[in-house]
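Listed below, chain by chain, are the residues.
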Amino acid sequence: MAARRIRKVLLVSPPGKCHLREDGSLGERKHCTPHLGLAYLAANLLKHDYEAEILDILAEGYHEERFVEPFILYGLNPQETLERTRRAAPDMIGISVLFSNRAKESYELARMFKRELPDVPIVMGGQHPSGMPMDVMAHREVDYVLIGECDDSFVDLLEALNGRHSIEQVSGLYYRDNGEVKDTLSHGRPAVVGDGWQYLSLRDSPNPRQLGELSFPAWHLFPIAAYWNSEVRIGGGDVMRERFAVMVSTRGCPWTCTFCTSPLMGGFKGYRKRTNEDVVREIRWLIETFGVEEIQFLDDNFFVSKPRVKSLLRVLAQEFPHIVFSVPAGTEVNALDHEVVDLMAKASFYKVTLAIEAGDQEVQESRIDKNVKLSRVPEMVDYIRRAGLETRALFMIGFPGETRAQIMRTVDLALSLDVDDFYISLCTPLPGTPLYDECVQKGLLEDDFDVDNLRYSVANIKLHDVSRAELESIRRNVWLEYKKRQETKQVASGIRPFRVFGGVGDYENAGFRQVPGQVYRTDR
Ligand code: B12
């Protein structure tokens, strides 16, 4: 049996990144969310007697910001990152690339690690490498790419490198063999199946049973306080309580919206759910171990099956009367009904973010395959507000082939809804999605489109009757128009308190340092 070579893995999350526009406004807000994916990977490594250490560059240096035109990068600087890595003395480094807008920085990290620690193999995983594994492997500093969910395949890779079995047995792996890039996918490149989706084959898809057997995320390895102390905490931003935690009660999503990467990760078996007992056990453990007061469900789609979600909401209300809950990723409108909203209110869910995306039914059905029943939206928004939950909405404009008239229907819908907040993003072609493939095949990507340096806040797709500058100004003007209406409304009615949990005024004094439209001083 070959000598055990790899024992300790350092799992790295890259620095944060916000696009700074010419007018000095920021394209994105800063985030500081515990990395659930790395927490699960670390837990499974420990379960298989490997050592694991976390280096969350963003969170550990959240207040450190540097201007790398046209972006603001935030997190530990390269020297600090290298020092931390040397101290960790890993046998392998795993870099997580959830967001394509951080691919460039992830390659720079890999180059630095390879230069300073040439004998330490580097593996990349997450949505970006899963969407374009060969492009990532074109970077010679990257030794391996694991695609999809990697809870088990990561351990399998280490076992293979330690001579326990052949590397061919590792599912969803890209590796080099005498300089040539090879993969272990059962039929080579993922096969195209129907509606343009590239699915991992049955053999390459993670096993659904796995969810129930996964160890709880290894949060003891994370700088938890950094997430609690970053100013994304408290009030109107992402969380309501200081001591918050993130978790999932399901994985994947059964739907195939053309712009979303979720189907890419879960493969054929896509949507899987945990038992309510398992979810309750994890929440109880988070409360006992970390004194958590708030739970954020990061599920791709928390609301898929009504019977499941209703039974879970009843259990949460009964078991955790002092905990508040939210689902930050978009909520599927079609999956909601009055009873679900009532049960959410009873279970102290304080916010609903409706993922509406487009205001034109034809775009919903034939362009993005999201099929939101738009006629239900106004009534559902009013019902959620009357239930006292903060109501937000997500919209997206600039889909391939979308016309000006269709875009203006989205704008009109967004401005017509009595929501507490909405976000209009410019459609961004994400690697591994049919929308991305369509843009490539039809030559719709703007000339300066750079997939490794994605800017979520600029127009990336060429449209027939709307210019780039016009699309970006439509988005900005809607935002400014909305802000003006909000101010008028608030002045008219005075600040309208939301359902507050644990102390009046939480919302008002949220006070983010950066909000879209605010001029950002780089000389500070
Ligand atoms: C939670 C979440 C957020 C959180 C932050 C999460 C974080 N950790 O920083 C918040 C709400 C802040 C957020 C914001 C945004 N998000 Co978001 N988000 C998610 C969401 C819903 C869940 C991620 C998650 O925790 N999944 C659960 C865990 C268990 O899985 P995982 O993290 O994927 O990890 C597994 C695998 O990826 C893999 N893996 C992961 N890392 C590594 C590393 C190695 C070495 C290996 C081997 C394997 C591996 O194994 C893990 C375990 O199986 C995903 C959707 C999704 N399906 O992933 C979108 C997603 C990541 N977000 C996305 C986007 C676009 C955004 C926004 C830009 C939206 C916007 N326009 O504002 C913003 C901007 C954020 C930014 N860049 O600053 C896209 C990114 C796609 C891309 N290619 O860029 C996603 C994929 C959704 C989609 N539409 O497709 N998001």
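These lines cover the structure that appears in this document, whether it is placed above or below. (Residues numbered from 1 in each chain as written. Predicted model: local features only at pLDDT ≥ 70, side-chain atom pairs only at ≥ 80, totals over all residues. Heavy atoms only, no water.)

Observations concerning the nonpolar core
Then, in step 1: By size, the foremost hydrophobic cluster in this structure holds 132 residues, and its most contacted members are M92, I295, F297, F349, I356 and F422.
Then, in step 2: Considering every element that reaches this core, the biggest residue donor is helix 1 (residues 36-47), with eight residues.
Then, in step 3: Shared between two domains, this core takes at least three residues from each, and those domains are domain 1 (8-199) and domain 2 (394-496).
Then, in step 4: If you look at the next biggest cluster of nonpolar residues, it comprises 27 residues, including I93, M112, V142 and I147. (Core = buried A, V, L, I, M, F, W, Y, C linked by side-chain atoms within 4.5 Å. Buried < 20%, exposed > 50% of the residue type's maximum accessible area, 1.4 Å probe, protein only. Helix = DSSP H or I, 4+ residues; strand = E, 2+ residues; numbered from the N terminus. Domains from an automatic or database assignment.)

Looking at the packing of helix 13 (residues 338-346) against helix 15 (residues 377-386)
Then, in step 1: It is the contact of helix 13 with helix 15, at a shortest axis distance of 10 Å, that shows an interaxial angle of 25°. Classified by the angle between their axes, helix 13 and helix 15 sit roughly parallel to one another. Where helix 13 crosses over helix 15, the handedness of that crossing is right-handed. Taken together, the residues of helix 15 that come into contact with helix 13 (itself represented by H338, V341 and D342) are E379, M380, Y383 and I384.
Then, in step 2: For the contact of helix 13 with helix 15, the residue count by class is four nonpolar, one polar and two charged. (Axes fitted to C-alpha atoms, helices over the stretch in contact; angles between N-to-C directions. Parallel < 35°, antiparallel > 145°, perpendicular 65-115°, else oblique. Left-handed = near helix turned anticlockwise from the far one by under 90°. Contact = heavy atoms within 4.5 Å. Nonpolar A, V, L, I, M, F, W, Y, C, P; charged D, E, K, R; others polar.)

Topic: the pairing of strand 1 (residues 8-13)
Then, in step 1: Within strand 1, six of the six residues are buried, which leaves the element mostly enclosed by the surrounding structure.
Then, in step 2: Side chains of strand 1 alternate between two faces, with K8, L10 and V12 and V9, L11 and S13 buried alike.
Then, in step 3: Relative to strand 3 (residues 51-56), strand 1 runs parallel, the two sharing six bridges. The residue bridging L11 from the neighbouring strand is I54, located in strand 3.
Then, in step 4: In terms of strand pairing, strand 1 meets strand 6 (residues 92-96) through four bridges, oriented parallel. Among the inter-strand pairings, L10 is bridged to a residue of strand 6, identified as I93. (Pairing = 2+ DSSP bridges.)

So, the sheet that holds strand 10 (residues 180-183)
Then, in step 1: As summarised here, the arrangement of the seven strands in space is 3-1-6-7-8-9-10, forming an open sheet in which the pairing is mixed. Unpaired on one side and paired on the other, strand 3 and strand 10 mark the two borders of the sheet. Each adjacent strand pair in this sheet contributes to an overall mean axis angle of 25°, direction not counted.
Then, in step 2: Note that strand 8 (residues 144-146) and strand 9 (residues 173-177) share two bridges and pair antiparallel. Looking at the pairing, V145 lines up with Y174 of strand 9.
Then, in step 3: Where helix 3 (residues 78-88) meets the sheet, its contacts fall on strand 1, strand 3 and strand 6, and the angle it forms with strand 3 comes to roughly 170°.
Then, in step 4: Of the strands in this sheet, strand 1, strand 6, strand 7 (122-125), strand 8 and strand 9 are in contact with helix 7 (residues 151-161), which crosses strand 8 at around 150°.

Let's talk about the packing of aromatic side chains
When we look at a pair of aromatic rings, we describe it by the centre distance and by the angle of the planes.
Then, in step 1: In total, this model carries 15 aromatic pairs according to the counting rule given.
Then, in step 2: Measuring from ring centre to ring centre gives 6.0 Å for F302 and F349, while their planes differ by 45°; the resulting arrangement is tilted. With F302 in the loop between strand 16 (294-297) and helix 12 (306-319) and F349 in the loop between helix 13 and strand 18 (351-357), this residue pair connects regions lying 47 residues apart in the sequence. An identical accessibility class is assigned to F302 and F349; each is buried.
Then, in step 3: For the ring pair Y436 and F449, a centre distance of 6.3 Å and an interplane angle of 50° mean the geometry is tilted. You can see Y436 sitting in helix 17 (residues 434-441) and its partner F449 sitting in the loop between helix 17 and helix 18 (468-493), a full 13 residues away along the chain.
Then, in step 4: Among the aromatic side chains, those forming a connected cluster through ring pairs are F297, F302, F303, F325 and F349.
Then, in step 5: Residue placement shows R251 over the ring face of Y40; its charged tip is 4.7 Å from the ring centre.
Then, in step 6: If you follow R475 out to its NZ or CZ, it ends over the ring of Y423, 5.7 Å from the centre. (Phe/Tyr/Trp six-rings, centres within 6.5 Å; stacked < 30°, edge-to-face > 60°. Lys NZ or Arg CZ within 6 Å of the ring centre and 35° of its normal.)

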